[in-house]
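Architecture at a glance
Next come the chains, spelled out residue by residue.
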Protein chains: 2
Amino acid sequence: MTEQTGVSAQDIVERVWLSIAERRLRPGVQLKEGQLAAIFDVSRARVRQALAALERDGLVTIIPNRGAFVCQPSVEEARDVFFVRRAVERCIVDRLCKSISKANVTRLRTHVAKERTANAQNITTDIIKLSGGFHLLLAEVASSDFLFATMRDLISRSSLITAVYRNTNRFNCGPDEHADIVEAIARGDPETATKLMEHHLEHVETELDLSEIRDQPHDLKSALA
Amino acid sequence: MTEQTGVSAQDIVERVWLSIAERRLRPGVQLKEGQLAAIFDVSRARVRQALAALERDGLVTIIPNRGAFVCQPSVEEARDVFFVRRAVERCIVDRLCKSISKANVTRLRTHVAKERTANAQNITTDIIKLSGGFHLLLAEVASSDFLFATMRDLISRSSLITAVYRNTNRFNCGPDEHADIVEAIARGDPETATKLMEHHLEHVETELDLSEIRDQPHDLKSALA
DNA sequence: GTCTGCATAATTGTAGACAATTAATACTAG
DNA sequence: CTAGTATTAATTGTCTACAATTATGCAGAC
């Protein structure tokens, strides 16, 4: 029995997102509507919805009458994204130090534990999702939907930036630095927590190689496999 | 000769945006696709594009199989928006103090002058656009596209929040406070500038009445006139 | 050999028709 | 007179065909 459940626009978004984050889809590659429609076996209309959502998240650029292309975030934009992340996440951590429930501390610790497991077993898909998920979880326990949505947007763009400019084989956001932040929050130490968060983000940013971009179009179907 | 130039999705977005900001479209009102298509004389497909964009900006909520409704931002969300704005705009101002060109200082001063004129003549449409535009201009001169897009999103939501919760007749963002911020930036004084910006945003927030929301559906066509 | 102009092919944009879902109404039973 | 239900109307969701735009390949001239 082939899973004949219809593929939603969100499904397409996530598949493309992951392919970009895992560097299988390189910046500059065109995402043709007909091609995607054939691959996912859906109508072009639904593909267009997915592409519009991906554009909103800053992962693809849609040029009118030309098509959708995987973004090539500029060095300037990369720095701006981290600029905003430092500004926002510092305040989030600060707020969390001043009021966080025991249950939420547990959630954070559990998440870090999952990250450790994924890293130990070297499962790239999980590593990528979980490392970004940590920062999302911070926003979630800190406040309501809007802050969560904002961070979701920032994380999404950060993933693309990391995929493009990362020069090491290791992924950003090691679980150790995350763990330190959680413990600083748990003991209600805003000074340390905010400083750790800033250093963490600076660390991630400085690990990027902001010199060259090489675009190499390749087979779309295999990249999405 | 009636201006027979086709109405773009962006045109619809701006008309709706302004109507919401001017309180002619109240929260909770349903924006029916067919209705809008008839008013603007475009196809429903284009209306759907506009509604999707408005949802992205946080101005309407789309409930599947139900339709699009003007958002009723919760008090919690309102506070979160200003929380993020304080975090981001404080950093923007700080950055500007450390490096801003003479030409950009002039642009800021010119903008404030325009605000003064609009206030003196009491042209509400201009007042709304310009007061938000000041904060957008700060982002523009501070950096590149991404920061500008981020602020655009925040301003958009702030406008809705202001429209819903404002209790005075005056609009937020008086030009005097803006002028003070510009001068602090011009003389490169980050201490004062960031403090002024924080006070300014707190001032705007505290002027809101966060007690009641009353939704009163009314005629859509006249509201968009 | 390279560049320009034209014809062809491919891709995106748009609109309209049809299906699915939800809200409103009228009707019947208790 | 009220509650529940079936029917009808209205609205949203989706797909497919067609139009507009752009890219590609080819022929010919310089």
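Each remark here, short or long, concerns the structure printed above.
Everything quoted here is computed from the prediction, not taken from an experiment. In every chain, residue numbers begin from 1 and rise along the written sequence. Chain labels run from A onward and ligand labels from 1 onward, assigned in the order the entries are written. At least 70 in pLDDT is required for a residue's local features to be given in this predicted model, at least 80 for side-chain atom pairs to be given and counted, and no such filter applies to totals for whole chains, interfaces and linings, which use all residues. Derived side-chain values reflect all non-hydrogen atoms in the structure, with water molecules and hydrogen atoms excluded from consideration.

Some details on the nonpolar core
- Grouping buried Ala, Val, Leu, Ile, Met, Phe, Trp, Tyr and Cys residues that are joined through side-chain atoms within 4.5 Å yields what is termed a nonpolar core. Buried, partly exposed and exposed residues are distinguished by accessible area as a fraction of the type maximum, computed with a 1.4 Å probe on protein chains only: under 20%, between the cut-offs, and over 50%, respectively. Within the largest apolar cluster, 128 residues are counted, with the highest numbers of intra-cluster contacts made by Leu31(A), Ile92(A), Leu31(B) and Ile92(B).
- In what follows, a contact means two residues having at least one pair of non-hydrogen atoms within 4.5 Å. Excluding anything up to four places from it in sequence, Ile92(A) contacts Leu138(A), Ala139(A), Ala142(A), Leu147(A), Met151(A) and Phe83(B).

Focus on the protein's contact with DNA strand D
- The environment of DNA strand D is made up of 16 residues, and the closest members are Ser43(A), Arg66(A), Arg44(B), Arg48(B) and Asn65(B).
- For this description, a residue counts as near a given molecule or strand if any of its non-hydrogen atoms is within 4 Å of it. Backbone atoms, meaning sugar and phosphate, form 78% of the atoms of DNA strand D found within 4 Å of the protein.
- Within the side chain of Ser43(A), an N or O atom sits 2.6 Å from a phosphate oxygen of DNA strand D.
- Polar contact is the term for a pair of N or O atoms within 3.5 Å; when the atoms are in protein, one must be able to donate a hydrogen and the other to accept it, and sequence-neighboring residues count only if both atoms are side-chain atoms. The contact in question runs from a phosphate oxygen of DNA strand D to an N or O atom on the side chain of Arg46(A), over 3.4 Å.
- Only α3 (44–56) of chain A together with β1 (30–31), α2 (33–40) and α3 (44–56) of chain B provide two or more residues apiece to the surface near DNA strand D. Strands here are runs of E lasting at least two residues and helices are runs of H or I lasting at least four, both read from the DSSP assignment and numbered beginning at the N terminus.

Observations regarding the relation of the copies chain A and chain B
- Between the two copies, chain A and chain B, the superposition gives an RMSD of 0.1 Å; the rotation angle is 180° and the shift along the axis is 0.1 Å. This pairing of chains is accounted for by a two-fold axis. Measuring from the rotation axis to each C-alpha of chain A, the shortest distance belongs to Ala87(A), at 2.8 Å. To line up the copies, we fit them by least squares on C-alpha atoms, keeping just the residues with pLDDT of at least 70 in both.

Notes on the packing of aromatic side chains
- Here is the rule: rings of Phe, Tyr and Trp (six-membered ring for Trp) pair when centre to centre is within 6.5 Å. Planes less than 30 degrees apart are stacked, more than 60 are edge-to-face, and the remainder are tilted. This model, assessed by the stated rule, comprises zero aromatic pairs over all chains.
- Taking NZ or CZ as reference, Arg95(A) lies 4.0 Å from the ring centre of Phe83(B), over its face. The rule for a charge over a ring is simple: NZ of Lys or CZ of Arg within 6 Å of the ring centre, and within 35 degrees of the ring normal.

Comments concerning helix α7 (residues 145–165) of chain B
- Multiplying one less than the number of residues by 1.5 Å gives the expected span of a helix. The end-to-end C-alpha separation of α7(B) is 30 Å, in line with the 30 Å expected for 21 residues at 1.5 Å each.
- In terms of burial, α7(B) is largely enclosed, as 16 of its 21 residues are buried.

Comments concerning the protein's contact with DNA strand C
- Contacts to DNA strand C come from 16 residues, most closely from Arg44(A), Arg48(A), Ser43(B), Arg46(B) and Arg66(B).
- Backbone atoms, meaning sugar and phosphate, form 77% of the atoms of DNA strand C found within 4 Å of the protein.
- Interatomic distance of 3.4 Å between a side-chain N/O atom of Lys32(A) and a phosphate oxygen of DNA strand C.
- The side chain of Ser43(B) places a nitrogen or oxygen atom 2.6 Å from a phosphate oxygen of DNA strand C.
- Sorting the residues of the surface near DNA strand C by element identifies β1 (30–31), α2 (33–40) and α3 of chain A together with α3 of chain B as the ones contributing at least two each.

Quick notes on the state of the cysteines
- Disulfide assignment relies on a single distance test, namely cysteine sulfur atoms paired within 2.5 Å. In this structure the tally under the stated criterion is zero disulfides over all chains.
- This cysteine, Cys91(A), is not joined by any disulfide, and Cys91(B) carries the nearest cysteine sulfur, 7.0 Å off.
- Looking at Cys91(A), the relative accessible area reads 17%, which means it is buried.

As for the sheet that holds β1(A)
Residue and element names in this part refer to chain A.
- Spatially, β1-β3-β2 is the arrangement adopted by the three strands of the open sheet, whose pairing is antiparallel. Both outer strands of the open sheet, β1 and β2 (60–63), are each paired with one neighbouring strand and no more.
- Summarising the sheet, β1 and strand β3 (residues 67–70) pair through two bridges and their orientation is antiparallel. Directly across from Leu31, in β3, lies its bridge partner Ala68. Two strands pair under a simple rule: DSSP has to find at least two bridges between them.

Quick word on the packing of helix α4 (residues 75–98) of chain A against helix α9 (residues 190–206) of chain A
Residue and element names in this part refer to chain A.
- Simply put, an axis is a line fit to the C-alpha atoms, just over the touching stretch for a helix, and the angle between two N-to-C directions goes from 0 to 180 degrees. Where α4 meets α9, the closest approach of the two axes is 9 Å, and the angle between their N-to-C directions is 160°. As judged from the angle between their axes, α4 and α9 are roughly antiparallel. Considering only the axes of α4 and α9, their crossing is right-handed. For the pair α4 and α9, the contacting residues are Arg79, Phe82, Arg85, Arg86, Glu89, Arg90, Val93, Asp94 and Cys97 in the first and Pro190, Ala193, Thr194, Met197, Glu198, Leu201, Glu202, Val204 and Glu205 in the second.
- Considered class by class, the residues forming the contact of α4 with α9 number eight nonpolar, one polar and nine charged. Geometric relationships in this document are graded by angle, where less than 35 degrees denotes roughly parallel, more than 145 denotes roughly antiparallel, 65 to 115 denotes roughly perpendicular, and other angles denote oblique. With the far helix as reference, a near helix turned anticlockwise by less than a right angle produces a left-handed crossing, and one turned clockwise produces a right-handed crossing. Residue classes follow a fixed rule: Ala, Val, Leu, Ile, Met, Phe, Trp, Tyr, Cys and Pro count as nonpolar, while Asp, Glu, Lys and Arg count as charged, and any other residue, Gly among them, counts as polar.

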